[in-house]
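# Summary of structural features
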Amino acid sequence: MSARLDTAQPYAVGLFRIVVGLLFACHGAASLFGVLGGVSGTNGGTVATGTWPGWYAAVIQLVCGSLVLLGLGTRAAALLASGSMAYAYFKVHQPEALWPMENGGEASAMFCWAFLLLVFTGSGALGLDRLFTRRTAEQREPAARKATVTA
């Protein structure tokens, strides 16, 4: 059973990455463009351009969420996204109350830990990271063969 689950692990990580990236990108798109109901409590409104920290957080959510969704630069994008959610939790939510259930920070905490996990696991299967890694490995291999001197 464990061996079979181990073979499916890259696909499970890939699907996890896709779902988390999509949800994060949708949150950013809602804040920036007013789609999907817009910013909560505004009836389809958006975050004012350039306001700190909301607008910058929304840009990070849209860009990093899209990169994670595609599996392109996953580890770097996930690290930035995780840090932004840690900032959101500790600066926005945690001063209101100690526990996420009390301060409304469940989403920030979950996104923070989900992205931190992706920093360490990478993109898994179905990501563009693997496509580019495979391509560069194939390009290096013929060059290594040419450099080999035989007697």
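Treat the numbers as computed from the prediction; the structure is a model and nothing was measured.

Once that is clear, we can look at the overall build of the protein. When its secondary structure is counted, the protein shows six helices and zero strands. Taking the intrachain contacts of the protein between residues at least 6 apart in sequence as the baseline, contacts between residues at least 24 apart amount to 63%. Summed over all atoms, the accessible surface of the protein reaches about 9700 Å², with 67% contributed by carbon and sulfur.

Spanning 16 residues, helix H5 (residues 106-121) covers 22 Å between terminal C-alpha atoms, matching the ideal 22 Å at 1.5 Å per step. Buried-residue contacts for H5 involve helix H1 (2-33), helix H2 (54-70) and helix H3 (74-93). Gly122, located one to two residues past H5, shows a positive phi value of around 85°.

For H2, spanning 17 residues, the distance from its first C-alpha to its last is 24 Å, which sits close to the expected 24 Å at 1.5 Å a residue. Looking at the packing, one finds that the buried side of H2 touches H1, H3 and H5.

Turning to the nonpolar core, a few remarks are in order. In terms of nonpolar packing, the biggest core is built from 16 residues, with Phe24, Val68, Ala78, Met85, Phe111, Phe115 and Leu118 touching the most fellow members. Counting only elements with at least two residues in this core, the list comes to H1, H2, H3 and H5. Broken down by element, this core gets its largest block of residues, six residues, from H5. Residues contacting Ala78, with those up to four places away along its chain left out, are Val68, Phe115, Leu118 and Val119.

A few words now on the packing of aromatic side chains. For the structure on display, the rule yields seven aromatic pairs. Judged by centre distance (4.6 Å) and plane angle (65°), the rings of Phe24 and Phe115 are edge-to-face. With a gap of 91 residues between them, Phe24 in helix H1 and Phe115 in helix H5 connect regions that are remote in the sequence. Overall, the relative accessible area of 0% leaves Phe24 in the buried class. Both rings, one in Phe111 and one in Phe115, keep their centres 6.0 Å apart while their planes meet at 20°; by these two values the pair is stacked. Taken together, the positions of Phe111 and Phe115, both in helix H5 and four residues apart, correspond to about one turn of that helix. When its relative accessible area of 0% is taken as the criterion, Phe115 is described as buried. Grouped by ring-pair contacts, the aromatic residues Trp52, Trp55, Tyr56 and Tyr87 constitute a single cluster.

Of the residues in the protein, 88% reach a pLDDT of 70 or more, and the chain-wide mean stands at 89. Within the protein, helix H6 (residues 128-147) has the poorest average pLDDT of any element, 69, and H5 the best, 97.

The next subject is the environment of Trp55. Examined against the element boundaries, Trp55 turns out to sit in helix H2. The class for Trp55 is partly exposed, based on a relative accessible area of 23%. Taking the C-alpha atoms as reference points, Trp55 and Ser31, 24 residues apart in sequence, are found 7.6 Å from one another.

Moving on, we come to the packing of H1 against H5. Viewed as axis vectors pointing N to C, H1 and H5 meet at an angle of 140°, and their least axial separation amounts to 11 Å. Overall, the two elements H1 and H5 adopt an arrangement that is oblique. Like other packed secondary-structure pairs, H1 and H5 cross with a definite hand, here left-handed. Here Val13, Phe16, Arg17, Val20, Leu23 and Phe24 of H1 lie close against H5, whose contacting residues are Phe111, Ala114, Phe115, Leu117, Leu118 and Thr121. Here the contact of H1 with H5 is built from residues that sort into ten nonpolar, one polar and one charged.

Cut-off values and rules
- Residues numbered from 1 in each chain as written.
- Predicted model: local features only at pLDDT ≥ 70, side-chain atom pairs only at ≥ 80, totals over all residues.
- Heavy atoms only, no water.
- Helix = DSSP H or I, 4+ residues; strand = E, 2+ residues; numbered from the N terminus.
- Contact = heavy atoms within 4.5 Å.
- Areas by Shrake-Rupley, 256 points an atom, 1.4 Å probe, with all protein chains shown as cover.
- Expected span 1.5 Å × (residues − 1).
- Core = buried A, V, L, I, M, F, W, Y, C linked by side-chain atoms within 4.5 Å.
- Buried < 20%, exposed > 50% of the residue type's maximum accessible area, 1.4 Å probe, protein only.
- Phe/Tyr/Trp six-rings, centres within 6.5 Å; stacked < 30°, edge-to-face > 60°.
- pLDDT = per-residue confidence, 0-100.
- Axes fitted to C-alpha atoms, helices over the stretch in contact; angles between N-to-C directions.
- Parallel < 35°, antiparallel > 145°, perpendicular 65-115°, else oblique.
- Left-handed = near helix turned anticlockwise from the far one by under 90°.
- Nonpolar A, V, L, I, M, F, W, Y, C, P; charged D, E, K, R; others polar.

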